[in-house]
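An overview of the molecular structure
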Amino acid sequence: MKFFVDTADIDAIAELNELGFVDGVTTNPSLIMKSGRDILEVTKEICDLVDGPVSAEVTATEADDMIAEGRKLAEIAENIAVKVPLTWAGLKTCKTLSAEGRMVNVTLCFAANQALLAAKAGATFISPFIGRLDDINVDGMDLIAEIRQIYDNYGYGTEILAASIRTVNHVKQSALIGADVITAPPGVLKKLADHPLTDAGLDAFMADWAKTGQKIL
Ligand code: G3P
């Protein structure tokens, strides 16, 4: 399973990248706003840092403008995946940019039928939003499972990029279902290492080790 980091925070990306945990990065207009940076500048820095796909989102709402924005974003670096919303205009943009050989990430997916359309439009990635479905009392993981089944039924190559991940359980469940990629905030990725029994076990080992009076170095 690939790990993408859902942030435009360069320091946070760099920290995880050093461990080899960053297979790609996803951004969106809200994350760019949070970074306080210029979209073209910060996206270029991220692309220089990370080898895998870096999603940069268009902000136009009409297809012609989205396509123009997408082409401009794609010029930033080879590893840009143009992110478009799952609207009719976004699907048109996906079709056009995919045909030009560009990576496209179709975002704001909340239904299996939307994911089916994105695959037919040639999307490289489909981004179903788990947390935002959970927010309205719908199990976001069911959507991941439905899309997995549909894509497998017909052999679609579009990768399922589980997004709007808020918890470590979202990561585990996405992995069990077989999502190709998860994108999560740095804080969630770092929590994957946590377990109270690991901490307690380490405390006990350290206490016993101190009693031996030994040193390895
Ligand atoms: O990857 C999509 C993500 O940025 C949205 O997450 O937590 O705002 O629903 P959230």
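The structure under discussion appears in the preceding block.
Quick word on the nonpolar core
Side chains that are nonpolar tend, in soluble globular proteins, to be buried together. Ile 46, Val 106, Ile 126, Ile 147, Tyr 151 and Ile 165 are the most contacted members of the largest nonpolar core, which totals 58 residues. Top element by residues in this core is helix α8 (residues 140-154). It accounts for 6 residues. Residue contacts for Ile 126: discarding those within four places in its chain leaves Leu 86, Asn 105, Val 106, Cys 109, Ala 115, Ala 118, Ile 147, Tyr 151, Thr 158, Glu 159, Ile 160 and Leu 161. Judged by nonpolar contacts, the second largest core, of 5 residues, contains Phe 4, Ala 81, Phe 125 and Leu 161.

Some thoughts on the side chain of Asn 105
Locating Asn 105 in the fold gives a position in strand β5 (residues 103-109). Within the structure, Asn 105 has its side chain in polar contact with the side chain of Ser 55 (distance 3.0 Å). In this structure the side chain of Asn 105 is engaged in a polar contact, spanning 2.7 Å, whose partner is the side chain of Ser 127. If near-sequence neighbours (up to four positions away) are discounted, Asn 105 is found in contact with Thr 26, Ser 55, Val 82, Lys 83, Val 84, Phe 125, Ile 126, Ser 127 and Leu 161.

Considering the packing of helix α1 (residues 10-18) against helix α3 (residues 39-49)
Here α1 crosses α3 at 5°, and the two axes come no closer than 11 Å. Relative to α3, the element α1 lies roughly parallel. Touching Ile 10, Ile 13, Ala 14 and Asn 17 of α1 are Val 42, Glu 45, Ile 46 and Leu 49, all from α3.

A word on helix α6 (residues 112-120)
Of the positions making up α6, those classed as buried are Ala 112, Ala 115, Ala 118 and Ala 119. For α6, the buried positions fall inside an angular range of 115° around the axis, keeping them on one side. In α6, the exposed positions that point more than 90 degrees away from the buried face belong to Asn 113 and Lys 120. On its buried side, α6 packs onto α5 (88-99), β5, β6 (125-128) and α8. Looking one or two residues beyond α6, the residue adopting positive phi is Gly 122, at roughly 85°.

Let's talk about the packing of aromatic side chains
A full pass over the atoms with the stated rule returns 4 aromatic pairs. Judged by centre distance (5.8 Å) and plane angle (70°), the rings of Tyr 151 and Tyr 156 are edge-to-face. The interplanar angle of 45° and the centroid separation of 6.3 Å between the aromatic rings of Tyr 154 and Tyr 156 together place this pair among those described as tilted. With a relative accessible area of 60%, Tyr 154 lands in the exposed category. Among the aromatic residues, those joined into a ring-pair cluster are Tyr 151, Tyr 154 and Tyr 156.

Each value, and the rule that gives it
Residues numbered from 1 in each chain as written. Predicted model: local features only at pLDDT ≥ 70, side-chain atom pairs only at ≥ 80, totals over all residues. Heavy atoms only, no water. Core = buried A, V, L, I, M, F, W, Y, C linked by side-chain atoms within 4.5 Å. Buried < 20%, exposed > 50% of the residue type's maximum accessible area, 1.4 Å probe, protein only. Helix = DSSP H or I, 4+ residues; strand = E, 2+ residues; numbered from the N terminus. Contact = heavy atoms within 4.5 Å. Polar contact = N/O pair within 3.5 Å; in protein donor to acceptor, adjacent residues only side chain to side chain. Axes fitted to C-alpha atoms, helices over the stretch in contact; angles between N-to-C directions. Parallel < 35°, antiparallel > 145°, perpendicular 65-115°, else oblique. Arc of directions from axis to C-beta. Phe/Tyr/Trp six-rings, centres within 6.5 Å; stacked < 30°, edge-to-face > 60°.

Limitation: the analysis is restricted to geometry and does not speak to function.
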